[in-house]
Amino acid sequence: MSRTVIVSHSHPNLRYGGGEVAAYRQFEHLLAQDEDVIFVGSTIGPEDSAKFFGPSQQVLSFGPRDFCLRGRGMDSFTMEHAEVRDEDWIFEFLLALQGDVYHFHHFWNIGAGTIRRLRAALPKAKFICTLHELTAICANHGQMVKRSGELCYASSEVACAACVARPPIDFVLRKTRMLEMLGLFNHLLSPSEFLRERFEDWGVPKGRIAVIENGLDHHASFRPETEAELLAKSGRFAFFGQATPTKGLDVLIRAAALIEARDEAPELPLSIEIHGVDKDSFTRMWPDLEIPDCIHFRGRYRPQDCVDIMRGYGWIIIPSVWWENSPVVIQEARAAGTPMIASDIGGMAEKTAGWGLQFRVGDPAALASAIMSVHGQPDTLLVHKSRITPPLGLEEFAAEWMEACELRKSVKARKLVGA
């Protein structure tokens with residue numbers, strides 16, 4: 001009976017991000033199928049760890065198969081731990097689980113050195129890595145956005161040296177180490193064609209990366225909507241996300257301000273609701289931005305409620321200003337049957353093609369124009385809703401995952417020692 005260990009750079013019980021959510025959904029599905037599976041997440045760094053761990057505590061347990069490690073931060077350039085002792089105990093913890101399959105969702109907080117040592121210690125185990133973003137390619141937080149704010153279209157040692165202020169030879173060595181680490185995995189996965197192409201252009205051999213969309217547990221059943229309901233929804237827009245500079249929430253607020261500054265008020269009132277962010281958090285991030293009257297902050301929401309909340313809107317807006325790979329909010333919008341208005345780059349452009357609208361990234365005027373082109377247009381809303389296809393379900397994801405990674409479904413889970 002094979003044991004699968006799913007390793008994530010974070011834990012969704014503490015931080016709700018796309019990569020960790022995808023990893024945890026995979027864990028929950030396999031667990032429900034009576035598979036022998038263990039989840040290992042991490043906290044982001046010292047400040048985050050201090051909120052949840054006692055002074056000498058190293059591990060949080062959310063169940064006999066569900067763990068969160070105390071992350072102490074990493075060197076984002078080398079992807080290594082600053083202290084060898086931090087790598088030692090993470091390596092020992094993962095090794096003690098004696099997995100037959102180790103599926104890494106990202107390697108931040110886990111460390112490239114940890115993966116090298118675990119690979120050497122378990123030569124017969126199968127190692128899988130899902131590439132959720134561009135960290136291996138880009139030393140600037142893996143976002144391929146230059147420190148000037150410009151989008152970066154390709155890495156090179158000279159261009160990267162100018163951006164991150166390190167000698168070009170450092171980037172030659174970094175790329176060599178990152179490619180060597182990725183070469184340790186039996187299988188590499190990407191949730192989008194966009195990300196696969198970026199890694200192949202960078203140096204990963206063609207054919208090494210399989211594209212499998214992240215799975216989402218959803219049960220789509222929609223009743224027909226009346227003309228009055230469609231009209232009301234056509235005036236309701238929403239944002240779901242966090243108050244970080246790359247999510248583009250400031251672009252949306254500026255777009256709303258441009259709409260409100262127009263001479264003529266629309267017949268149907270415009271409402272844009274912000275989920276996941278409260279007003280105080282936004283103001284701390286952008287203290288000089290005045291909030292238009294049509295903007296309403298709704299604060300945090302439970303992830304399991306997201307799809308139901310989205311069904312109450314006509315359009316979901318995703319205005320991110322970096323190369324998002326496969327945002328979970330896009331899958332959730334598809335499950336809700338709610339079309340999107342998205343930035344025209346990266347996985348956002350790929351994943352909303354055919355059923356969403358796209359606008360020039362980082363351009364408030366272009367976003368304002370896109371919003372007003374569908375505001376108060378129930379017929380347009382209905383057309384776009386009819387083009388939405390459901391996202392990949394968890395059962396379908398598991399089947400594609402097992403096939404791509406040459407895994408055989410185990411019949412019965414074996415118990416954890418001492419569980």
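Anything mentioned here points back to the structure above.
All values derive from a computational prediction rather than experimental measurement.

Q: Account for the overall build of the protein, with residues named and values stated.
A: Helix and strand counts for the protein stand at 16 helices and 14 strands. The principal-axis extent of the C-alpha atoms belonging to the protein is close to 70 × 50 × 45 Å. Long-range pairs, those at least 24 residues apart, make up 71% of the contacts in the protein with a sequence separation of at least 6. With the model as given, the accessible surface of the protein reaches about 18,900 Å², and the carbon-plus-sulfur share is 52%. Here the protein contributes 45 positively and 54 negatively charged side chains, and the mean placements of these two sets differ by 6 Å.

Q: Please provide a residue-by-residue account of the packing of aromatic side chains, values included.
A: Overall, the coordinates contain 17 aromatic pairs when judged by the stated rule. An angle of 80 degrees between the planes, with centres 5.1 Å apart, marks the rings of Tyr153 and Trp323 as edge-to-face. With Tyr153 in the loop between strand 6 (126–130) and helix 5 (157–164) and Trp323 in the loop between strand 12 (315–318) and helix 12 (328–336), this residue pair connects regions lying 170 residues apart in the sequence. On the basis of an interplanar angle of 80 degrees and a centroid distance of 5.4 Å, the ring pair of Phe240 and Tyr301 is categorised as edge-to-face. In this pair, Phe240 sits in strand 9 (residues 236–240) while Tyr301 sits in the loop between strand 11 (295–299) and helix 11 (306–310), placing the two residues 61 residues apart along the sequence. Owing to a relative accessible area of 6%, Phe240 belongs among the buried residues under this scheme. The ring of Phe127 has Arg119 lying over it, and the distance from NZ or CZ to the ring centre is 4.1 Å. The lysine or arginine in question, Arg198, covers the ring of Trp323, its NZ or CZ lying 4.2 Å from the ring centre.

Q: Describe the pairing of strand 13 (residues 340–343), listing the residues and the values that go with them.
A: Summarising the sheet, strand 12 and strand 13 pair through 3 bridges and their orientation is parallel. Across the sheet, the residue bridging to Ile316 is Met340, located in strand 13. In this sheet, strand 14 (residues 357–359) lies alongside strand 13 in parallel orientation, the contact comprising 3 bridges. Residue pairing for strand 14: Ala342 is matched across the bridge by Gln358. As for the winding sense of the linkage, the β-α-β connection from strand 13 through helix 13 (residues 346–352) to strand 14 is right-handed.

Q: Can you break down the environment of Ser76 residue by residue, with the values?
A: Structurally, Ser76 is set in the loop between strand 4 (66–69) and helix 3 (84–96). Here Ser76 falls in the partly exposed class, since its relative accessible area comes to 29%. Between the C-alpha atom of Ser76 and that of Asn140, which follows or precedes it by 64 residues, the distance is 8.0 Å. Setting aside chain neighbours within four positions, we find Ser76 in contact with Trp108, Ala139 and Arg174.

Conventions used here
- Residues numbered from 1 in each chain as written.
- Predicted model: local features only at pLDDT ≥ 70, side-chain atom pairs only at ≥ 80, totals over all residues.
- Heavy atoms only, no water.
- Helix = DSSP H or I, 4+ residues; strand = E, 2+ residues; numbered from the N terminus.
- Contact = heavy atoms within 4.5 Å.
- Areas by Shrake-Rupley, 256 points an atom, 1.4 Å probe, with all protein chains shown as cover.
- Lys, Arg positive; Asp, Glu negative; His and termini not counted.
- Charge placed at Lys NZ, Arg CZ, Asp CG, Glu CD.
- Phe/Tyr/Trp six-rings, centres within 6.5 Å; stacked < 30°, edge-to-face > 60°.
- Buried < 20%, exposed > 50% of the residue type's maximum accessible area, 1.4 Å probe, protein only.
- Lys NZ or Arg CZ within 6 Å of the ring centre and 35° of its normal.
- Pairing = 2+ DSSP bridges.
- Right-handed = clockwise from strand over helix to strand, strands pointing away.

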